[in-house]
There are 2 protein chains.
Amino acid sequence: MRKVMLTDTTLRDGSHSVSHQYSLEDMKKIAMALDEAGIDLIEIGHGDGLNGQSLNYGFAAHTDLEYVKAVAGVLKNAKLTVLLVPGIGLIEDLEAVREAGVKAVRVATHVTEADVAEQHIKAAKKMGLFTVGFLMMSHMASKEIILQEAQKMESYGADVVYVTDSAGAMLPDEVFEKVAYLKSHLKVPVGHHSHNNLGLAVANSVKAYEAGADYLDGSLIGLGAGAGNCPTEALVAVLERLDIPKNVDLYSIIDAGDKVLIPILEAHQKPLPRMNSDSLIIGYAGVYSSFMLHARNAANRFGVDARDVLIELGKKKAVGGQEDWIIEVAHQLANK
Amino acid sequence: MRKVMLTDTTLRDGSHSVSHQYSLEDMKKIAMALDEAGIDLIEIGHGDGLNGQSLNYGFAAHTDLEYVKAVAGVLKNAKLTVLLVPGIGLIEDLEAVREAGVKAVRVATHVTEADVAEQHIKAAKKMGLFTVGFLMMSHMASKEIILQEAQKMESYGADVVYVTDSAGAMLPDEVFEKVAYLKSHLKVPVGHHSHNNLGLAVANSVKAYEAGADYLDGSLIGLGAGAGNCPTEALVAVLERLDIPKNVDLYSIIDAGDKVLIPILEAHQKPLPRMNSDSLIIGYAGVYSSFMLHARNAANRFGVDARDVLIELGKKKAVGGQEDWIIEVAHQLANK
């Protein structure tokens, strides 16, 4: 069986869980533990990607550049990677972290907007970076649309394209169908990034491998926004049970969570991630978790159930930046 | 599509999570919320089943009979059910709770020992109870062996037979294979009970339905021993997304967890369940969670890794009551 490559995002998506307050020492310790466990790519930086720290997204304890400088020197095998969302991160930000030791970048766009990644993917390739195209909210588009967008990213030079389930809204058969379709039409490898809103992250990741994915993601103890990511330890345990080759050692990755990450979370007085009713409804509705607060406010104002608002928004395929729409939807529901 | 019947075990398997200290009022409130949400069968009583309260298993705040008497009168639609492990629970215990309002029983044995359930299943049927055969640790036996044991239970009169994944050790394809095999050879319906040790409980439950299971289990917020059960809310959300008919309402079951169960857990100062490295290794190794403490003690004594001890025990298909073996295995590993 072919080997699967694992990206751990404890230090990027997981940074939401510490309100982006990892110290440089925290990052170094966690990165060393992930590297020693055999993780192939370690994603670091602000939870919202390069330059994500702003009043909107929450200030981090350190800049991405400071984090990269602290971590790059301590890695023996893992590639250090960053997330770049065009519109938030700039090509000059990428150049700066590349000079500091970053070897890879994931360029992320909404699933129907690969076009906006053209410059960034091309610039990343020119810098010699391993470049991943990251199609977010992939539950919102048909396999044909996802393929069309993935082929754009491939044409810009992406080395891998990801079917990214940002809202944890995808079901196992859907993951299989979409990944298999990309796999059979793209020249480059396919990846899958899952969230655990519906409790399906581990199963979906395995389904993605079965459909042909060569790259999978996780975070230690599932750390991340909302219900969190696929727990890397559980994914590794299931891959091992299925005899799927990977570079990660099970005991070492368990110890990275238990002996390195959890004491750091405790020192920050941060709760450990778990599924809850908010994250469940986000996954069920298939909307961004940032909608929750707005939906609740709008629901209170119009005397409707916030869950109905979120589900309606999911049906309308609302995306980030459309928060005004939330009030309109609540209003319409109240009039029904 | 056919309808799936849901059993919620928050008040039985979940009672481990409150050290069996539910008050009668707690039980009543939770049972009413489950009933109103449309749960078909509500399992209550000591975590280890009828008569489970003993020095070995932990004393409960009330006897099973007291719990049954408190709850039976408040249910409108749900059937009240109990768990009976032959050797722990007695037929007279069952008769007493039946008189107090119990309508169903799950008679549980190790997957290879259905024989010991003969008297109990026959007695339950004679009492007019809806009787479920519950084959625990089903990951340890081949589909042929499981069928052979299931057919025994069917011949004793069981109305349903369950493939029970007590250790949360089964993988989705394995669940499908075993449930489908039973479904195609039994006359009675098949059920599946999952645990979330490997993070697969929701996916496995759906797989079981796809393989022909008519009965599935969960508990609110996954409450239960170790990593806990399949979270009923997440299961209901995924069933709804798949348009699988069921009697349970999504919002009501979410509210039962959020507004009824969680405040009770907080009042008992009990932590909410979550996966951890212990539960992961239990699921990976496929052993009873009660082995953990013994394995750790033996591992310390012989200077080996407790995880290696558990994995070795899993390979040897060790079952409950074989704790002496744990010391022997640790000793052997140390000599290697």
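Residues numbered from 1 in each chain as written. Chains lettered and ligands numbered in written order. Predicted model: local features only at pLDDT ≥ 70, side-chain atom pairs only at ≥ 80, totals over all residues. Heavy atoms only, no water.

## Here we look at the interface of chain B and chain A
If you look at the interface, chain B gives 38 residues, while chain A gives 38 residues. Summed over both sides, the interface between chain B and chain A buries roughly 3,200 Å², with carbon and sulfur atoms accounting for 61% of that surface. Joining chain B to chain A, the criterion identifies two salt bridges. A salt bridge links aspartate 255 of chain A to arginine 307 of chain B; its shortest N-O distance comes to 3.0 Å. Where chain B meets chain A, there are 15 residue pairs in polar contact (both at pLDDT 80 or more). Elements with a contribution of two residues or more to the side of chain B that touches chain A: α6 (172-185), α7 (201-210), α8 (232-241), α9 (250-267), α10 (277-285) and α12 (306-315) of chain B. No other element matches the six residues that α8 of chain B contributes to the side of chain B that touches chain A. Across the side of chain B that touches chain A, the residue classes break down as 22 nonpolar, three polar and 13 charged. (Contact = heavy atoms within 4.5 Å. Buried area = accessible area lost by both parts, 1.4 Å probe. Salt bridge = Lys/Arg side-chain N within 4 Å of Asp/Glu carboxyl O. Polar contact = N/O pair within 3.5 Å; in protein donor to acceptor, adjacent residues only side chain to side chain. Helix = DSSP H or I, 4+ residues; strand = E, 2+ residues; numbered from the N terminus. Nonpolar A, V, L, I, M, F, W, Y, C, P; charged D, E, K, R; others polar.)

## Observations regarding the environment of tyrosine 209 of chain A
Residue and element names in this part refer to chain A. On the secondary structure map, tyrosine 209 appears in helix α7 (residues 201-210). For the pair formed by tyrosine 209 and alanine 180, sequence separation is 29 residues and the distance between their alpha carbons is 9.3 Å. Dropping the residues within four chain positions of it, tyrosine 209 is found in contact with Met1, Arg2, Val4, Leu216, Ile244 and Pro245.

## Describing the packing of helix α11 (residues 291-302) of chain A against helix α12 (residues 306-315) of chain A
All names here are of chain A. As a packed pair, α11 and α12 sit with axes 8 Å apart at the nearest point and diverge in direction by 125°. Between α11 and α12, the angle is such that the two are oblique. Taken as a pair, α11 and α12 cross one another with a handedness that is right-handed. Along its contact with α11, which presents Phe291, Met292, Ala295, Arg296 and Ala299, the element α12 presents Ala306, Val309, Leu310 and Leu313. Residues belonging to the contact of α11 with α12 are distributed by class as follows: eight nonpolar, no polar and one charged. (Axes fitted to C-alpha atoms, helices over the stretch in contact; angles between N-to-C directions. Parallel < 35°, antiparallel > 145°, perpendicular 65-115°, else oblique. Left-handed = near helix turned anticlockwise from the far one by under 90°.)

## Digging into the relation of the copies chain B and chain A
Each copy of the chain is related to the other by a rotation around an axis and a translation along that axis. When chain B is fitted to chain A, the residual RMSD is 0.0 Å, and the transformation amounts to a turn of 180° plus an axial shift of 0.0 Å. The transformation just described matches what one would write down for a two-fold rotation axis. Interface residue correspondence from chain B to chain A reaches 100%, placing this contact among same-surface, isologous pairings. (Least-squares fit on C-alpha atoms with pLDDT ≥ 70 in both.)

## Here we look at the UniProt feature "binding site: Mn(2+)" (unreviewed entry) in chain A
Residues and elements named next belong to chain A. In this numbering, the UniProt entry assigns the feature "binding site: Mn(2+)" (unreviewed entry) to Asp13, His193 and His195. The greatest C-alpha distance among the residues just named is 11.2 Å, despite their covering 183 residues of sequence, which places them together in space. With respect to the element layout, histidine 193 can be found in strand β7 (residues 190-193). Once residues lying within four places of it in the same chain are set aside, the contact partners of histidine 193 are Thr9, Arg12, Asp13, Arg106, Phe134, Tyr162, Val163, Thr164, Asp165, Asp217 and Asn229. Relative to the helices and strands, histidine 195 is located in the loop between β7 and α7. What makes histidine 195 buried here is its relative accessible area of 8%. If we ignore the near neighbours within four places in the chain, the residues touching histidine 195 are Asp13, Asp165, Ser166, Ala167, Gly168, Ala201, Ala225, Gly228 and Asn229. At a separation of 3.4 Å, a polar atom in the side chain of histidine 195 contacts the side chain of aspartate 13. (UniProt positions renumbered as here; feature names shortened; annotations may be inferred. Buried < 20%, exposed > 50% of the residue type's maximum accessible area, 1.4 Å probe, protein only.)

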